[in-house]
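Below are the chains, spelled out letter by letter.
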Amino acid sequence: MYDDDGTLMTAAQALVDKGLRVKDVYSPFPVHGLDPVIGVKRTRLGICSFLYATTGTTLALLGIWYFMIADWPMNIGGKPSFSLLENLPAFVPIVFEFSVLCAAHGMALTYLLRNGTLPGMPAQNPDPRTTDHMFVIEITSDQNHDHSEESIEGAIKETEIVELSVKDYE
Amino acid sequence: MHKDAAIREPLILGDKSYKDITDDIVAPIEGAAPKGWKILITITGLISLYGIGCILYLLGTGVGVWGLNKTVGWAWDITNFVWWVGIGHAGTLISAVLLLFRQKWRMAINRSAEAMTIFAVIMAAMFPGIHMGRIWVGYWVFPLPNQFGSLWVNFNSPLLWDVFAISTYFSVSLVFWYIGLIPDFATIRDRMVKPLPKKVYGILSFGWTGRAKHWTRFEEVSLVLAGIATPLVFSVHSIVSMDFATSVIPGWHTTIFPPYFVSGAVFSGFAMVLTLLLIMRKTMNLESYIHVKHVEYMNIVIIVTGSIVGVAYLTELFISWYSGVEYESYAFLNRATGPYWWAYAWMMGCNVLSPQVFWFKKLRRNLAFTFFISIIVNVGMWFERYVIIVTSLHRDYNPSSWGEFHATPIDIGTFIGTIGIFLTLFLLFARFFPVLALNELKTILKSSGEKYKNS
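From a predicted model like this one, the values you see are computed outputs, not experimental measurements.

**Comments concerning the overall build of chain A**
Argument step 1. Each helix and strand in chain A was counted, giving five helices and two strands.
Argument step 2. Reading chain A from its N terminus to its C terminus gives the helix and strand order α-β-α-α-α-β-α.
Argument step 3. Expressed as lengths along the three principal axes of its C-alpha atoms, the size of chain A is roughly 80 × 30 × 30 Å.
Argument step 4. Of all intrachain contacts in chain A linking residues separated by at least 6 positions in sequence, the fraction that spans at least 24 positions is 69%.

Here it is as structure tokens:
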């Protein structure tokens, strides 16, 4: 456990340099620059939202074509109800809004599901202070078979830790 | 790590550490409700009840309890609708647009501004609902298959564009706000000792743990949501302006409306943010986080958008003469000299003249004066929408159709009621939710906090 993000970054770098694999880092806020050090890949959520947006656009255009052109076209003030393309300017606001709706909600739901954060889920942080002002680096022996427990502990103790807790999992 | 220029004022004053930030913001939630809060919420609660009573009377008896007539079919209802939607836009602008511009000063104000947006949009959305007369068939605005041959809604109409725009705006703002709140709820959950609050905040925080990958996804989601919320702000209020601009009557049928309304919305929204935040920072001891620099920046936005609104007014006046269209000229002559000249005077004075005082640095850094001006702007922007709607409707092309509008107590009561409901919701937010974005503030402590900045 560390009490400062600066020491956290140096420690993470030092541990990775020794060949250790970091399982996870718990922090009360996003620590910039940490991801490449511990090997967190870029998220594809942005691409997701784009795909949801295009789905929204397609659905909206299809819907509007069906409602206004195919099923029940009406002469509303002389608007071209026989052709989607000619009437398209009037449909842009709703197509845009619907695309935004699908993009935002689709991405938000995907985000919550991927994170496993849903209403009623229990908290899984190792120490309640990690959401306040402390930072925790989690290293498991499972991921570090080529290091002995003592060498892992030794490497950790060389960094500026505030606390160290060793847990056994069966 | 981002290095801030030494001459920039620090954004977080005082000797704050990460723990201090958490303590300062979570303390009001953990402690007992202060007496002032209880008194205020009782007052706003009573006002809300009166407003709800007016609305129920309206729904039960009919739209005739308002002062509307055949000539002036829209008055306070749509004025209030546009006023509330405009106020809502500041929150999204602060959260989304300022995020895209990497303006760190937004972090102290974005959480409460977003909350203000959500409550304002709820108030706004009420008006189209209650003004339609038969709210129980309100679901007819949606394109749902039905037994009338499947009669569909008119996608060419701005009134329907509004339905989609406001629904989208509300739901996306809610999602954006809540996603940002999840880590902060986790902070509160981990600090709470009493079992019931711990359980409630536990459910609200969705089991957030603060893993590195989760934070990465969090930042990506915030960025993308900000990216799509920004065009949303511009499109929603442009669509609201189209309710008027796509009509044919003089004073409404003008292409300047979309940009004019959007800047007017930002203008009135920032004024409301200032009104709320200047009180909140004092009562909740947040002076280190929301201080003169933030107020100054917001005043700068007010003067920019207020000037755009002022230029739009002058353009309208100029074009009404330059166009040579006698109906357009009369419409504006009537605004300035007709039966509603007093509303026009309020509008011009409050919106054009008052924000110009902020050219003076001393005035825009003066908190009390800013509060006074923010109230003036709020009032002025209400009168702007009133003038646009009522003066254009009451005298259009055909003099035999001319009429007048006079507000009834139910008009006034409904409006005051929505202010009461809005304030009640905001007070509840201030009591139970973290009013500042904890996780975001901590990210700027090292770069912009007074303790660290010049050490």
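**Considerations on the interface of chain B and chain A**
Argument step 1. Taken together, the contacts link 51 residues of chain B with 56 residues of chain A.
Argument step 2. Listing elements by their share of the side of chain B that touches chain A, those giving two or more residues are helix H1 (18–30), helix H5 (158–191), helix H6 (195–204), helix H7 (212–245) and helix H15 (438–448) of chain B.
Argument step 3. In terms of residue count, H7(B) provides more of the side of chain B that touches chain A than any other element does, 16 residues in total.
Argument step 4. Class assignment for the residues of the side of chain B that touches chain A results in 24 nonpolar, 17 polar and ten charged.

**A short note on the domain arrangement of chain A**
Argument step 1. Entries for chain A in the domain assignment read domain 1 (5–42 + 123–158) and domain 2 (45–115).
Argument step 2. Its C-alpha centre places domain 1 of chain A at a distance of 45 Å from the equivalent point of domain 2 of chain A.

**Describing the environment of Ser150(B)**
Argument step 1. Its place among the elements puts Ser150(B) in the loop between helix H4 (110–131) and H5.
Argument step 2. Ser150(B) gets classed as partly exposed once you count the C-beta atoms within 10 Å, which come to 13.
Argument step 3. Through-space distance from the C-alpha of Ser150(B) to that of Val387(B) is 39 Å; in sequence the pair is 237 residues apart.
Argument step 4. Residue contacts for Ser150(B): discarding those within four places in its chain leaves Asp71(A) and Pro145(B).

**What to know about the packing of H5(B) against H6(B)**
Residue and element names in this part refer to chain B.
Argument step 1. Contact pair H5 / H6: the axes reach a minimum separation of 8 Å and the direction vectors enclose 155°. By the angle class used here, H5 and H6 are roughly antiparallel. Remark: the crossing between H5 and H6 carries left-handed chirality. Judged by residue contacts, Phe185, Ile188 and Arg189 of H5 engage Lys198, Tyr201, Gly202 and Leu204 from H6.
Argument step 2. Here the residues of the contact of H5 with H6 are counted per class, giving four nonpolar, one polar and two charged.

**Some details on unusual backbone geometry**
Residues and elements named next belong to chain B.
Argument step 1. Backbone geometry places arginine 102, a non-glycine residue, at a positive phi of 55°.
Argument step 2. Judged by C-beta crowding, with 8 C-beta atoms within 10 Å, arginine 102 ranks as exposed.
Argument step 3. If you check the backbone angles, serine 150 has positive phi at about 50° while not being a glycine.

**What to know about helix H3 (residues 45–71) of chain A**
Argument step 1. Taking 1.5 Å of rise per residue, 27 residues should cover 39 Å, and H3(A) covers 37 Å from first to last C-alpha, within 8% of that figure.
Argument step 2. Along H3(A), the largest kink reaches about 30° and is centred on Trp65(A).
Argument step 3. Looking at H3(A), one finds that the buried residues are Leu45(A), Cys48(A), Ser49(A), Tyr52(A), Ala53(A), Gly56(A), Ala60(A), Ile64(A) and Met68(A).
Argument step 4. Against the buried residues of H3(A) lie helix H4 (84–115) of chain A together with H7 of chain B.

**What about the nonpolar core?**
Argument step 1. Core analysis: the biggest nonpolar cluster contains 170 residues, and Ala104(A), Met107(A), Phe270(B), Val273(B) and Leu441(B) have the highest contact counts within it.
Argument step 2. Among the elements that take part in this core, H5(B) stands out by supplying 17 residues, more than any other.
Argument step 3. Summarising the domain contributions, this core has at least three residues from each of domain 1 (5–42 + 123–158) and domain 2 (45–115) of chain A.
Argument step 4. Those residues in contact with Phe270(B) that lie beyond four places of it in its chain are Ala90(B), Met298(B), Val301(B) and Ile302(B).

How each quantity is defined
- Each chain has its residues counted from 1, following the order in which its sequence is written.
- A letter from A marks each chain and a number from 1 marks each ligand, given out in the order of writing.
- Reporting in this predicted model follows two pLDDT cut-offs: at least 70 for local features of residues, and 80 or more for side-chain atom pairs to be given and counted; totals over whole chains, interfaces and linings ignore these cut-offs and use all residues.
- Only DSSP runs of H or I covering at least 4 residues are called helices, and only runs of E covering at least 2 are called strands; the numbering of each starts at the N terminus.
- Once C-beta atoms are placed from the backbone, any two residues with those atoms within 7 Å are in contact.
- Gly counts as polar in this scheme, as do all residues outside two lists: the nonpolar Ala, Val, Leu, Ile, Met, Phe, Trp, Tyr, Cys and Pro, and the charged Asp, Glu, Lys and Arg.
- Where each domain starts and ends follows an automatic or database-derived domain assignment.
- Once C-beta atoms are placed from the backbone, each residue is buried if 20 or more other C-beta atoms lie within 10 Å of its own, exposed if 12 or fewer, and partly exposed for counts between those two.
- Throughout, an axis means a line fitted to C-alpha atoms (over the contacting stretch in the case of helices), and angles, computed between N-to-C directions, take values from 0 to 180 degrees.
- Working definition: roughly parallel below 35 degrees, roughly antiparallel above 145 degrees, roughly perpendicular at 65 to 115 degrees, and oblique for all remaining angles.
- Each crossing gets its hand from how the near helix is turned against the far one by less than a right angle, where anticlockwise is left-handed and clockwise is right-handed.
- The span you would expect from a helix comes to 1.5 Å times its residue count less one.
- Take the seven residues that end at a residue and the seven that start at it, fit an axis to each, and the angle between those axes is the bend at that residue.
- A set of buried residues qualifies as a nonpolar core if it consists of Ala, Val, Leu, Ile, Met, Phe, Trp, Tyr and Cys joined through C-beta atoms within 7 Å.

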